[in-house]
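Here's the letter readout for the chains.
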Amino acid sequence: MNTHQNKVVEFEDLGIKEYQPSWDYQEKLMKDIIDIKVKNRDLPAEQHLTTPNHFLLVEHPHVYTLGKSGHEENMLAGIDKLKEIDATFVKVNRGGDITYHGYGQIVGYPVLDLENFFTDIHKYMRNLEEVIIRTIAEYGLNGERSPGETGVWLDVGKPYARKICAMGVKASRWVTLHGFALNINTDMRYFEYIIPCGIKDKQVTSLKRELERDLTPEEMEDIKAKIRKHFADVFEAELVVKA
């Protein structure tokens, strides 16, 4: 266990960034943390180096990503269709099945050393869900968890249950990768080309669809600020903006 728990989280807003370089950046941050942890194994506890934590927010151009346990048959569009809709397809090393990222969707990537917080992946997932539940509550939406499924849902248990936020994470040596995707002004037509998260009988939705209006760029920034606030509260962390 980390004897020097560091609950400072360095925050970065990457703006609009392609998926692959964003993933590569996460992988680098993760490797840097793991390298410190490996060094610490050979040091007495009082000499342990502190591991950093990171939290990235980003918007991706149209992309479909398939988790390592996912099924390619849940990708309904072929190469020609992907070109036509200006989207790419990437296989990734997170848990979960297929999902879509695109403009108008806020994607969050916490790269945390969970030994700075708690060593419990289940709790970590529930905490991420709680951040989103608290965020959308500020817009009058009652986000819920759906038993046996990750992410944040509306009207759980009803025929019109729908997912507003997808989640998929990976952890190595208690360092997290990947995260959540919250639909704001997302073009929902892009979900028609996949079976989202491999779940055939559930719908997806967005803040725009639920509020029946576009959210302004200023409101998008406000949502990011709310996510940051709730993230700090739920994880009992101190967020500092990367210099």
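Residues numbered from 1 in each chain as written. Predicted model: local features only at pLDDT ≥ 70, side-chain atom pairs only at ≥ 80, totals over all residues. Heavy atoms only, no water.

> For the UniProt feature "site: Lowers pKa of active site Cys" (unreviewed entry) in the protein, give the residues involved together with the corresponding values.
The UniProt record marks K163 with the feature "site: Lowers pKa of active site Cys" (unreviewed entry), using the residue numbering of this structure. With respect to the secondary-structure elements, K163 resides in strand β9 (residues 162–172). The exposure class assigned to K163 is buried, which follows from its relative accessible area of 5%. (UniProt positions renumbered as here; feature names shortened; annotations may be inferred. Helix = DSSP H or I, 4+ residues; strand = E, 2+ residues; numbered from the N terminus. Buried < 20%, exposed > 50% of the residue type's maximum accessible area, 1.4 Å probe, protein only.)

> If you had to explain the side chain of N183 to someone new, which residues and values would you point to?
Looking at the element boundaries, N183 is found in strand β10 (residues 175–183). N183 sits in the buried class, given a relative accessible area of 4%. Engagement of the side chain of N183 in a polar contact is seen with the side chain of T186, the distance being 3.4 Å. Residues in contact with N183, not counting those within four places in the same chain, are G104, Q105, K163, I164, M188, F191, T205, S206 and L207. (Polar contact = N/O pair within 3.5 Å; in protein donor to acceptor, adjacent residues only side chain to side chain. Contact = heavy atoms within 4.5 Å.)

> Please give an account of the packing of aromatic side chains that cites residues and values.
Tallied over the entire structure, the rule returns 11 aromatic pairs. Aromatic pair Y100 and Y190: ring centres 5.2 Å apart, planes at 15 degrees, arrangement stacked. Of this pair, Y100 sits in strand β5 (residues 98–101) while Y190 sits in the loop between β10 and β11 (203–204), and the two are 90 residues apart along the sequence. Given the relative accessible area of 0%, Y100 is considered buried. Relative accessible area serves as the criterion here: at 11%, Y190 is assigned to the buried category. Chaining the aromatic ring pairs together yields one cluster made of F11, F55, F117, F118, Y124, F180, F231 and F235. Here the basic side chain of K123 rests over the ring of F118, its NZ or CZ set 4.5 Å away from the ring centre. Taking NZ or CZ as reference, R228 lies 4.3 Å from the ring centre of F11, over its face. (Phe/Tyr/Trp six-rings, centres within 6.5 Å; stacked < 30°, edge-to-face > 60°. Lys NZ or Arg CZ within 6 Å of the ring centre and 35° of its normal.)

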